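Okay, here's what each chain looks like letter by letter:
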Amino acid sequence: MSTVSLQQVFKNYELGKTSVPALRGIDLEIQEGDFVTMAGASGSGKSTLLNLIGCLDHPTTGEVWIGDTRVSKLDDKQLNETRLRQIGFVFQSFNLIPVLNVYENVELPLLIMKEISKKERKQRINYFLKAVGLSAFADRKPSELSGGQRQRVAVARALVTKPRIVLADEPTANLDSKTGIEIIDLMQQINEHEKTTFIFSTHDPKVMQRANRIFHLIDGKIEKVENIR
Amino acid sequence: MSLGTFIFLATFLLLFFTSFISTMHNDLNKAISNSLSGDIQLRQGGTTEGDMLSLKGKWGQMAYLDAKTAVMIETLLNENGSIESYTKRIRNDAMLSKGSTKQHTMVIGLDPNLEAYKEAFILSEGSYLNPVRTNEVLLPKNYADKLGVKVGDSIDLMAATKDNQEAVASFIVAGTGQVDRLASFSFYPVYTSLQGSQALTGFQDGEITDFIVYASKGKSAQLSKDLQTALSINGLDSTKVKVSTLKEMGGFLNSIISIYVGILYAFIGILLVIMAILIINLIFMMGLERRSEIGTLRAIGYSRDQIVMIFLGEIVIITTIFFVIGLIIGIALILLLSQLGIPLSAPLDLVLGKVFNIQFDGSQVFLVFIIIYGFALVSSLYPSIKSASVNPAETLREGS
């Protein structure tokens, strides 16, 4: 069974009386442990596609499946649960909470997972901070970190719930190319080690080459699927 | 202005105003009690509460306690341990007369040794009633000025006796002044001795209009019940002797106090409405500033309700910190002012006295706590829900 499956997904944005199509009939399957990228120019529909897979938005028509869950049939509460337990997010602008330190930022999603004990919470945070190489920075505030370090915190926060899928929307866009590659390499290592499915978007050719598969989007359609490895 | 600053100001002002109102209310009640009503009145059954508080002393029919009843009541009063002091009184409607100038008034004859009336009647000139001299009067200063009399002058008082006969008696002005805090109610009583009043009512020895009783602090209601029970056991039920507390007597004096208090509470109400509007506005602003943060929290799995709880939790923390600061500074200032006193001039002194000693009332802290927390939480609920209801995809799109 696919980890992510989209069937004939259309997404239109209503701007006043005008309907602007963002996605036009997307069909895709992503398997468990995949490391894939959505590539395309700005406005090609990458972020919209990630938002739909991430249960942040509803398709206008079509079906989105996460495992055996038909996402388009879920209510708000179930969508929250799905995002919390099955999906991790890494954002272009890092989206860390500025008043919280690194440890507390990583801890955020675990605070609402009542079944996780305090002890396990601590263990998980320390494990993922170590995995992203930030154990020594746990007490720092985001403002005291470099862009690359901030994105590493965001990666740790996305992974700490042990999600099925990590979605990263242009994770390297606000980083220099060297740091960008480091972040992708980090994600790849975790993908190999933890078997977590990674789906990220980029328009940087160097970055997209790190993926196993590339979905090329043009004007809301998948024009080509490129298998790298 | 930040939310914290506003909570601090609201706490401080509320504490100050509620203490101000409480002090004013207590002072006015005390002034009425000391000058006119006592804490409890005992009088002939069948009279209305209003009759006994009427400032003009309008007695449709002279109601009084006969000597035998008065003796029985006095025995009961002497046996009760909750009574601080009491006095027999004879009140009557009368006309002050000096030459061709006349002034209608209420004459209150009482025991000149009673301390309460001395606390209420602030002397401008002269002295209080001398227990030995029975033909002295204390005149309100404005009456003395109108009639052109000074301390030591004689003045005539005319009244209708209980048998509806005309009575005229001459008195010496012992002192002039006014009843503290009650000038704005046009309350201008003339005080004299019991014997002095007897001459104006035609009462025989032992006959009086009423007793007024001063109870130990906080015991007035219970004392009233105990006295009614004791009187009833002695055959003096409410048809024969009426027992009323100051609160029960009501009358327009209490209504006027309620109006003053109402005006001040209306002012507090306006303050609270402004506070609510500002809090709503501030929370909306906080929501806007933290739109990206809220979007992130929604994206990583937080529900709208959980984000609302985070907002409310922050508001409770901010409210608690600044409430405590406002409370400490407010109490400190009130205690300082209660020591120093605030000198007042006309027209405020008519209601608040020449020097207003604001008193800190601990029970007001709870009221202020309820109001501040209630308003802070209620007024932040809607903007918190609204702010937490953002579409995460939309906010993340704005942030990227």
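The structure displayed is predicted, hence computed values, not measured ones.

**Student:** Got a sec to walk through the pairing of strand 8 (residues 197-202) of chain A? Specific residues and values, please.
**Tutor:** Residues and elements named next belong to chain A. Burial analysis of strand 8 places six of its six residues in the buried class, the great majority of the element. Covered by surrounding structure in strand 8 are Thr197, Ile199 and Ser201 together with Phe198, Phe200 and Thr202, the residues of both alternating faces. Note that strand 7 (residues 165-169) and strand 8 share five bridges and pair parallel. Residue pairing in the sheet places Ile165 in a bridge with Thr197 of strand 8.

**Student:** Describe in detail the interface of chain A and chain B, supporting the description with residues and values.
**Tutor:** Accessible area lost on assembly of the parts is the figure often given for the size of an interface. Each partner contributes to the interface: chain A provides 19 residues, whereas chain B provides 18 residues. Between chain A and chain B, the buried area comes to about 1,600 Å², and carbon and sulfur atoms account for 57% of it. A per-residue breakdown of the area chain A buries against chain B is headed by Leu56, Asn80 and Ile112 of chain A, which together make up 29% of the total. Seen at the junction of chain A and chain B, the total is zero salt bridges. Inspection of the chain A/chain B interface yields four residue pairs in polar contact (both at pLDDT 80 or more). A breakdown of the residues in the side of chain A that touches chain B according to their chemical character gives eleven nonpolar, five polar and three charged.

**Student:** An account of the pattern of salt bridges is needed here, citing residue identities and associated values.
**Tutor:** Enumeration over the complete set of coordinates arrives at 22 salt bridges over all chains. Among the salt bridges present, the one from Glu63 of chain A reaches Arg70 of chain A, with a minimum N-O distance of 2.8 Å. The salt bridge involving Lys118 of chain B is made with Glu115 of chain B; its shortest N-O contact spans 3.7 Å. Of this pair, Lys118 of chain B and Glu115 of chain B are both found in helix 4 (residues 115-120), three residues apart, which corresponds to roughly one turn of the helix. Here the salt bridges do not stand alone but share partners, grouping Glu81, Arg85 and Glu115 of chain A into one network.

**Student:** Pulling in residues and values, what's your account of the domain arrangement of chain B?
**Tutor:** Residue and element names in this part refer to chain B. The domain architecture assigned to chain B consists of domain 1 (3-27 + 254-399) and domain 2 (46-239). Computed from C-alpha atoms alone, the centre-to-centre distance between domain 1 and domain 2 is 47 Å. Taken residue by residue, the interface counts eleven residues in domain 1 and six residues in domain 2. A buried area of about 660 Å², summed over both sides, lies between domain 1 and domain 2, and 58% of it is on carbon and sulfur atoms.

**Student:** I'd like a description of the sheet that holds strand 7 of chain A, backed by residues and values.
**Tutor:** Residues and elements named next belong to chain A. With mixed pairing, six strands are arranged side by side in an open sheet as 6-7-8-3-9-10. Edge positions in the open sheet fall to strand 6 (87-90) and strand 10 (221-227), since each of these has one partner strand only. Each adjacent strand pair in this sheet contributes to an overall mean axis angle of 20°, direction not counted. Two strands pair when backbone bridges link them, and strand 3 (residues 35-39) and strand 8 are joined in this way by five bridges, in the parallel orientation. Bridge assignment links Met38 to a residue of strand 8, and that residue is Ser201. Here helix 2 (residues 76-86) sits on the sheet and contacts strand 6 and strand 7; the angle it forms with strand 6, its principal contact strand, is near 75°.

**Student:** Lay out the UniProt feature "domain: ABC transporter" (unreviewed entry) in chain A with the relevant residues and their values.
**Tutor:** The sites that UniProt annotates as "domain: ABC transporter" (unreviewed entry) are residues 4-228 of chain A. As annotated, residues 4-228 of chain A comprises 33% helix and 29% strand, and the C-alpha atoms at either end are separated by 19 Å.

**Student:** Describe in detail helix 7 (residues 220-233) of chain B, supporting the description with residues and values.
**Tutor:** Residue and element names in this part refer to chain B. For helix 7, spanning 14 residues, the distance from its first C-alpha to its last is 20 Å, which sits close to the expected 20 Å at 1.5 Å a residue. Every buried residue belonging to helix 7 is among Leu223, Ser224, Leu227 and Leu231, and all of these are buried. Buried residues in helix 7, looked at end-on, bunch into an arc of 100°, giving them a common side. Across helix 7 from its buried face, at more than 90 degrees, point the exposed residues Lys225 and Ile233. On its buried face, helix 7 is in contact with strand 1 (40-44), helix 3 (67-79), strand 2 (83-98), strand 9 (210-215), strand 10 (241-245) and helix 8 (246-249). Gly235 occupies a position one or two residues after helix 7 and carries a positive phi of about 80°.

Rules behind the numbers
- Residues numbered from 1 in each chain as written.
- Chains lettered and ligands numbered in written order.
- Predicted model: local features only at pLDDT ≥ 70, side-chain atom pairs only at ≥ 80, totals over all residues.
- Heavy atoms only, no water.
- Buried < 20%, exposed > 50% of the residue type's maximum accessible area, 1.4 Å probe, protein only.
- Helix = DSSP H or I, 4+ residues; strand = E, 2+ residues; numbered from the N terminus.
- Pairing = 2+ DSSP bridges.
- Contact = heavy atoms within 4.5 Å.
- Buried area = accessible area lost by both parts, 1.4 Å probe.
- Salt bridge = Lys/Arg side-chain N within 4 Å of Asp/Glu carboxyl O.
- Polar contact = N/O pair within 3.5 Å; in protein donor to acceptor, adjacent residues only side chain to side chain.
- Nonpolar A, V, L, I, M, F, W, Y, C, P; charged D, E, K, R; others polar.
- Domains from an automatic or database assignment.
- Axes fitted to C-alpha atoms, helices over the stretch in contact; angles between N-to-C directions.
- UniProt positions renumbered as here; feature names shortened; annotations may be inferred.
- Expected span 1.5 Å × (residues − 1).
- Arc of directions from axis to C-beta.

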